[in-house]
Amino acid sequence: MEGYITFSQLGLLILFLMLVAVGGYAIVTLRNVNTAVKDIGALLKENKEALNLAIPNIALASENVVALTSELRAGLGEASRAIGTADQIAAYAMVVGEAAKALVSVFAGSRK
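Residues numbered from 1 in each chain as written. Predicted model: local features only at pLDDT ≥ 70, side-chain atom pairs only at ≥ 80, totals over all residues. Heavy atoms only, no water.

A short note on the overall build of the protein chain
Thought 1: Looking only at helices and strands, one finds two helices and zero strands in the protein chain.
Thought 2: Taken over C-alpha atoms, the radius of gyration comes to 39 Å for the protein chain, far larger than the 13 Å a tight globule of 112 residues would show.
Thought 3: Here the C-alpha coordinates of the protein chain stretch approximately 125 × 55 × 20 Å along the principal axes.
Thought 4: Taken over 112 residues, the protein chain has a buried fraction of 0%.
Thought 5: Here the protein chain holds 9 positive side-chain charges and 9 negative ones, and the gap between their average locations is 10 Å. (Helix = DSSP H or I, 4+ residues; strand = E, 2+ residues; numbered from the N terminus. Rg over C-alpha atoms; globule rule 2.2 N^0.38 Å. Buried < 20%, exposed > 50% of the residue type's maximum accessible area, 1.4 Å probe, protein only. Lys, Arg positive; Asp, Glu negative; His and termini not counted. Charge placed at Lys NZ, Arg CZ, Asp CG, Glu CD.)

The structure is reproduced here in structure tokens:
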């Protein structure tokens, strides 16, 4: 008994096997999603009271964060200006120190 398989039958077999594999993957994925949704539901039930207390405070907390960040930006701006001023003062001090050294060396050199 001899049997022949045509290319169209082979193609249909390959498509069927691919559909079975994709279907199995979809079933496993949906099972995992269902488990995750159940876990999330359980967590929400366990923490319902805490969430009911925390949710109204979120708006107030976000307003406080906005106020703090704006004050922090202003403080950092002032600090950067102060650092720039301190750098300028340090540069002036170095120039004055070098000038003083030069004057001392000129007077010390003339006395010898």
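On we go.
Quick notes on a nonpolar patch on the surface
Thought 1: Nonpolar side chains collect at one region of the surface, where Ile5, Phe7, Leu10, Leu12, Leu13, Ile14, Leu15, Phe16, Leu17, Met18 and Val20 lie side by side and expose about 1,200 Å² of accessible area between them.
Thought 2: Among the secondary structure elements, Leu13 is positioned in helix H1 (residues 7–46). (Patch = residues over 30% accessible without salt bridge, like charges linked within 9 Å, V, L, I, M, F, W, Y side chains within 5 Å. Areas by Shrake-Rupley, 256 points an atom, 1.4 Å probe, with all protein chains shown as cover. Salt bridge = Lys/Arg side-chain N within 4 Å of Asp/Glu carboxyl O.)

Describing the environment of Asn52
Thought 1: In this structure, Asn52 sits in helix H2 (residues 48–111).
Thought 2: The exposure class of Asn52 is partly exposed, given its relative accessible area of 49%.
Thought 3: Along the chain, Asn52 and Asn32 lie 20 residues apart, while their C-alpha atoms are 28 Å from each other.

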